[in-house]
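# Analysis of the macromolecular model
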Amino acid sequence: MNDFKEGLLQAANFTPVSLQAPDGWCGHLPFAAWLMKQLRPSLYVELGTHSGNSYFAFCQAAREDNIGVKCYAVDTWQGDEHAGNYGGDVFEQVSLHNQAHYAGFSRLLRMTFDDAVNYFSDASIDLLHIDGLHTYEAVKHDFETWLPKLAPGAIVLFHDINVRERGFGVWKLWEELQQRYAAHHEFVHSHGLGVLCIGGAGETTALPWLRPGCAEQHVLRNYFSALGARQLERFQAAQSHSQLASARQQIAERDALITHLHEVVAEHSGNLHVANTALAQRDVQMEEAHAALDLLRKAQVEYEEQREALTAALAERDAQLAAARQELAERDGKAVATWRALKD
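Cut-offs used in this document
- Residues numbered from 1 in each chain as written.
- Predicted model: local features only at pLDDT ≥ 70, side-chain atom pairs only at ≥ 80, totals over all residues.
- Heavy atoms only, no water.
- Helix = DSSP H or I, 4+ residues; strand = E, 2+ residues; numbered from the N terminus.
- Expected span 1.5 Å × (residues − 1).
- Buried < 20%, exposed > 50% of the residue type's maximum accessible area, 1.4 Å probe, protein only.
- Arc of directions from axis to C-beta.
- Contact = heavy atoms within 4.5 Å.
- Axes fitted to C-alpha atoms, helices over the stretch in contact; angles between N-to-C directions.
- Left-handed = near helix turned anticlockwise from the far one by under 90°.
- Nonpolar A, V, L, I, M, F, W, Y, C, P; charged D, E, K, R; others polar.
- Core = buried A, V, L, I, M, F, W, Y, C linked by side-chain atoms within 4.5 Å.
- Phe/Tyr/Trp six-rings, centres within 6.5 Å; stacked < 30°, edge-to-face > 60°.
- Lys NZ or Arg CZ within 6 Å of the ring centre and 35° of its normal.
- 1 Å grid on protein atoms, 1.4 Å probe; cavity = no way out; pocket = protein on both sides within 12 Å on 5 of 7 lines; lining within 4 Å.
- Points joined across faces, edges and corners; volume = space filled by probe spheres on them.

## Re helix α4 (residues 88-101)
- Compared with an ideal rise of 1.5 Å per residue, which puts 14 residues at 20 Å, α4 spans 20 Å between its outermost C-alpha atoms and is within 8% of the ideal.
- Among all positions of α4, only Val90, Phe91, Val94, His97 and Asn98 are buried. Mapping the buried residues of α4 onto a view down its axis gives an arc of 130 degrees, with all of them on the same face. For α4, the exposed residues lying more than 90 degrees away from the buried face are Asp89, Leu96, Gln99 and Ala100.
- Close packing links the buried residues of α4 with α3 (53-64) and β5 (106-110).

Written out as structure tokens, the structure reads:
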């Protein structure tokens, strides 16, 4: 086991590789790294992993300190009434991170806690983290179901022991367990974290800071509360950076859209100009056509007038010709009559 003070100094330098929402466990990440290096377990199991902040902190500490531990995260990755329901993208993200960094000693078990318990031998788990559904009945069931799987001197962690709302009941079970087990410690920051040692006096001596009332507990409580606050600040800064990057991306996409719209408007304006020019040309042609039509109409009127005048002139000529023929016929009759008279 590492020296107590040296381990605390190392915990101050711990920088989580994975820091995801939600932030409920962010304040306990330095303690997780310190506990992994202090305890050096052979088998670590976490019940309820969600986005992986706590689980990957333990895995990261194990890898950095070359601890020969096997780690298992148990979760359906579907959510519950306290964590909320979420889609498969959460599991995909956790799985990708686990495969990239801890595939050599870490496994994700996507199943219920009750189904997973059958895959572990009795008295085999050195470190158990219970962070599933937070009702009194649910957390009590989880603890009692997995209790036979704990090795002598095993450590059990209970998150949210300081939440007394929305149906949370971990605080109630924690109060009962403190009466039953002599070695325990609690943190009140970041929703509270209970640390319980399962076993007799021998195991308690191995971890002296678990003796209630000892000086180390006061030091640990204040120290890890301060370190946890730094991690929360890192998380908030990372979230702000992510939100800023997202906002910049949205602005860039909006600017690109505006540029595209300007191009479309310019193209439409060009098409509109062409259309207006063609329309103006058509209007000129229409005006010319109307002018030509007016000329044709005037020509037609003149033609009709001329035709009527010619028709009248022809009628008058025909009348004159008929009169001349009549006069000629009358003259011929008189001549014939005169000739006959002379002949007789």
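Still to come is the rest of the account.
## So, unusual backbone geometry
- Note that the residue after Ala21, namely Pro22, is joined by a cis bond; omega there is 5 degrees.
- By the secondary structure assignment, Pro22 is in the loop between α1 (4-12) and α2 (29-39).
- Its identity as a non-glycine residue notwithstanding, Trp77 has a phi of 55 degrees, on the positive side.
- Within the secondary structure, Trp77 is located in the loop between β2 (70-75) and β3 (79-80).
- According to the relative accessible area criterion, Trp77 is buried, its value standing at 1%.

## Describing the packing of α1 against α2
- Two numbers describe how α1 lies on α2: the axes approach to 9 Å, and their chain directions differ by 140 degrees. Handedness of the α1/α2 crossing: right-handed. Here Phe4, Gly7, Leu8, Gln10 and Ala11 of α1 come into contact with α2, specifically with Pro30, Trp34, Lys37 and Gln38.
- For the contact of α1 with α2, a count of residues per class yields five nonpolar, three polar and one charged.

## Some details on the nonpolar core
- Phe31, Phe58, Ile155, Leu157, Trp209 and Phe224 are the most contacted members of the largest nonpolar core, which totals 45 residues.
- Among the nonpolar cores identified, the runner-up in size contains 28 residues, and Leu109, Ala116, Phe143 and Leu177 belong to it.

## Here we look at the side chain of Gln60
- Looking at where Gln60 falls in the secondary structure, it is placed in helix α3.
- Beyond its immediate chain neighbours, meaning those up to four positions away, Gln60 contacts Phe14, Thr15, Pro16, Val17 and Tyr102.

## A closer look at the packing of aromatic side chains
- Enumeration over the complete set of coordinates arrives at 20 aromatic pairs.
- Put simply, the rings of Trp25, Tyr44, Tyr55, Phe56, Phe58, Tyr102 and Phe105 pair up and form one aromatic cluster.
- For the cation-ring pair, Arg110 lies above Phe91, with the distance from its terminal atom to the ring centre recorded as 4.2 Å.
- Over the ring of Tyr136 we find Lys172; its NZ or CZ atom is 4.6 Å from the centre of that ring.

## Overview of empty space enclosed by the protein
- Scanning all chains against the criterion turns up two cavities of 30 Å³ or more.
- By residue class, the composition of the lining of the second largest cavity is five nonpolar, three polar and one charged.

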